[in-house]
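# Coordinates in review
Residue strings, one per chain:
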Amino acid sequence: MEKLGINWGLLIAQMFNVIFLVWMLSRFLFNPLINLLSERTKRVEESLQEADKVREQMAAQRKENDVELAKARQEAASVMAQAQERARVQEQEIINQARAEAERIKADARANAEQELDRLAAEFKNQAASLVTETAAKVLGAELKGNHKQLIDESLSRLGRNN
Amino acid sequence: MTDEGLRFVAMALAIGLGAIGPGAGIGVVFSGALQAMGRNPEAEGMLRTYMFLGFALAEVPFILSLVFGLLIGFSII
Amino acid sequence: MRIRNAVLVALAIGAVMYFGLGLVFPREDLHISVKAEALVCIGGEMGYPGECKSGFPITNSLVTTVIVDLLLILMIVFGARNAQMVPRGFQNFVELVVGTFYDFAVGVDKKNVAKFFPFAATAFLLIILSNFIGLMPGAGSIGMCQPYAKAAAEGGEAEHHAANYYAERGWPLTCEPGELLVPFLRAPSADLNMTLALGLISVVLIQYFGLKALGWEYLVRFFNFREGPMFTVIGFIELISEVIRIVSFAFRLFGNIFAGEVVLVVLAHLFPYMLPLPFYAFEVFVAAMQAVIFSVLTLVFMSMATQAHGGHDDAEHGAAAH
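Nothing here was measured: the structure is a model prediction, and the numbers come from that model.

## Details of the overall build of chain B
- Within chain B, the regular secondary structure consists of two helices and zero strands.
- Expected size for 77 residues packed as a compact globule is a radius of gyration near 11 Å; at 17 Å, chain B overshoots this value by more than 25%.
- Principal-axis analysis of the C-alpha atoms gives chain B an extent of 60 × 20 × 10 Å.
- Expressed as a percentage of its 77 residues, the buried residues of chain B come to 34%.

Set out below in structure tokens:
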């Protein structure tokens, strides 16, 4: 034994060393790392599942969104159609109103004009009568005193006919 | 030939002759394991375990002859 | 053809270096020691170089063991302290080593992996680091000089040594004539104390796990008087094989690593240039292989010890799950 180098003291020292190493390595190296590895495996699995779940949720969400969008689009279209309809009705109304207004304004204007014309005609008739009377008086003097009334009427009616 | 010289010859013979059988045996173990792995790759894990077991068992005679050779060579027995 | 040419050229260059450089740098005399040499003796005095007459020897393999311990502590400090969920730098490497071995251990025995893993993995790391340190340049070649003289003074037979070429010519960094180089570093696995300690602890743990898993039923495989004399003999053989297991664990590791060092030293002595290189590479492979073999055998034996006598279902199940 001695010649092979086996020394009891060294043998026991080496055994203590091995036991110490087993304790130290399992305490500080293997256990933390194996826990870490298994935890990492677990976490990776979890996050993969989570990702799957999120993906599913997203797909569902997207489908929901699509439905909602379609509904919204439809609604918008209907709203737009309604608005267009209403606008057309309103436009028609406005046009009608405007046309009526224009009619009315035109009628007013015409009425005014006729009235004015009547008034002008009456005035002119008066003025013309007095003018004729004056002129006739100046020309004829007192000759026409007897039946000038009849003459005036006569010339006036002629004038009115000519007019 | 001195006693010392005879001891060395004995050591050499013990180790050398003891290496023949285990050498062949280990070769057989690994060749069998490799063939089995080649035929059946799914069983590789199990085969590797038993391959090392067979290797260890086949090597024991050589270890014994080495020990006895060293014991003889260093005039312990 | 090209490979043969390359080999021939390499051999030619090696031969030229061998003869040319061999004239300028003659080789050191060969010295191989089976046992780890003592550097210092605590509470005693040095005897023959590398040995203590009395007291506790601090051997070079013990020094290397302490260095391996420090390396493992560094591994813990830089690899596992503040281990992050997202690994960074050295933690990746440590996780790779530990995780790969853990997966392998799970493949061997899924049920008991938590019990078996610490010792097997410790043995793996300890042995692989020991072997690699033994292969480092400088291990086995840098050391202190201890005189032969004391042995002769003791009155033992006078030692005859080939004169050290360098020492005789007064080269620097060489030992004086009559002194021997005792290296500071030696692979712990090339020291029987360490391998025997590992083997002993391994076998004791195997028995412990067997007893713990099966109770007294475990001993039936050794002392089987129920099933006839045949099984009694087989049980006796199993008992002997448990003892042989210690020896085989210890000497397999020691034999491989020590033989590897001897092969390298002898080759470097006979043919110093080029030729040792492939053998060095082979020794690196052997160094890793022995670590794997030791730890895997420990795992397998432990797993076998925890199975009921004659039952192999669990092992096959566990291995198939791998």
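Now that the structure has been shown, we can carry on.
## What to know about the pattern of salt bridges
- For the structure shown, the criterion picks out twelve salt bridges over all chains.
- The salt bridge involving Glu85(A) is made with Arg88(A); its shortest N-O contact spans 2.7 Å. With Glu85(A) and Arg88(A) both in helix H1 (residues 8-140) and three residues apart, the pair spans about one turn of that helix.
- Given the relative accessible area of 40%, Glu85(A) is considered partly exposed.
- Note on Arg88(A): relative accessible area 48%, which makes it partly exposed.
- One salt bridge connects Arg252(C) with Glu59(B), and the closest N-O pair in it is separated by 2.3 Å. Taken together, the positions of Arg252(C) in helix H8 (residues 229-270) and Glu59(B) in helix H2 (residues 44-73) put the pair across two chains. An identical accessibility class is assigned to Arg252(C) and Glu59(B); each is buried.

## Quick word on the interface of chain A and chain C
- Each side of the interface is counted separately: chain A has 30 residues, and chain C has 41 residues.
- Buried surface at the junction of chain A and chain C, summed over both partners, amounts to about 3200 Å²; 80% is from carbon and sulfur atoms.
- Looking only at chain A, the three residues that lose the most surface to chain C are Leu10(A), Gln14(A) and Phe30(A), adding up to 18% of its buried area.
- Summed over the shared surface of chain A and chain C, the result is one salt bridge.
- Between Glu95(C) and Arg40(A) there is a salt bridge, and its shortest N-O distance comes to 2.9 Å.

## Overview of the packing of aromatic side chains
- Under the counting rule described, the total for this entry stands at 16 aromatic pairs over all chains.
- Taking the centre distance of 5.9 Å and the plane angle of 40° together, the rings of Phe101(C) and Phe117(C) count as tilted. Taken as a pair, Phe101(C) in helix H3 (residues 90-108) and Phe117(C) in helix H4 (residues 113-135) lie far apart in primary sequence, 16 residues in all. The exposure classification of Phe101(C) matches that of Phe117(C), with both residues buried.
- Each member of the aromatic cluster is reached from another via a ring pair, and the members are Phe30(A), Phe101(C), Tyr102(C), Phe117(C) and Phe124(C).
- Here Arg245(C) stacks its cationic end above the ring of Phe301(C), 3.7 Å away from the centre of that ring.

## Some details on empty space enclosed by the protein
All names here are of chain C.
- Applying the stated criterion across every chain yields a total of three cavities of 30 Å³ or more.
- In this structure, the largest cavity occupies an estimated 70 Å³ of space.
- Every element with two or more residues in the lining of the largest cavity is listed here: H4, H8 and helix H9 (276-305).
- Of the residues assigned to the lining of the largest cavity, the class counts are three nonpolar, three polar and two charged.

## Thoughts on the confidence of the model for chain B
- In this model, chain B carries an average pLDDT of 87, and 99% of its residues clear a pLDDT of 70 or more.
- For this predicted complex, the interface score ipTM comes out at 0.80, alongside a pTM of 0.73.

Each value, and the rule that gives it
- Residues numbered from 1 in each chain as written.
- Chains lettered and ligands numbered in written order.
- Predicted model: local features only at pLDDT ≥ 70, side-chain atom pairs only at ≥ 80, totals over all residues.
- Heavy atoms only, no water.
- Helix = DSSP H or I, 4+ residues; strand = E, 2+ residues; numbered from the N terminus.
- Rg over C-alpha atoms; globule rule 2.2 N^0.38 Å.
- Buried < 20%, exposed > 50% of the residue type's maximum accessible area, 1.4 Å probe, protein only.
- Salt bridge = Lys/Arg side-chain N within 4 Å of Asp/Glu carboxyl O.
- Contact = heavy atoms within 4.5 Å.
- Buried area = accessible area lost by both parts, 1.4 Å probe.
- Phe/Tyr/Trp six-rings, centres within 6.5 Å; stacked < 30°, edge-to-face > 60°.
- Lys NZ or Arg CZ within 6 Å of the ring centre and 35° of its normal.
- 1 Å grid on protein atoms, 1.4 Å probe; cavity = no way out; pocket = protein on both sides within 12 Å on 5 of 7 lines; lining within 4 Å.
- Points joined across faces, edges and corners; volume = space filled by probe spheres on them.
- Nonpolar A, V, L, I, M, F, W, Y, C, P; charged D, E, K, R; others polar.
- pLDDT = per-residue confidence, 0-100.

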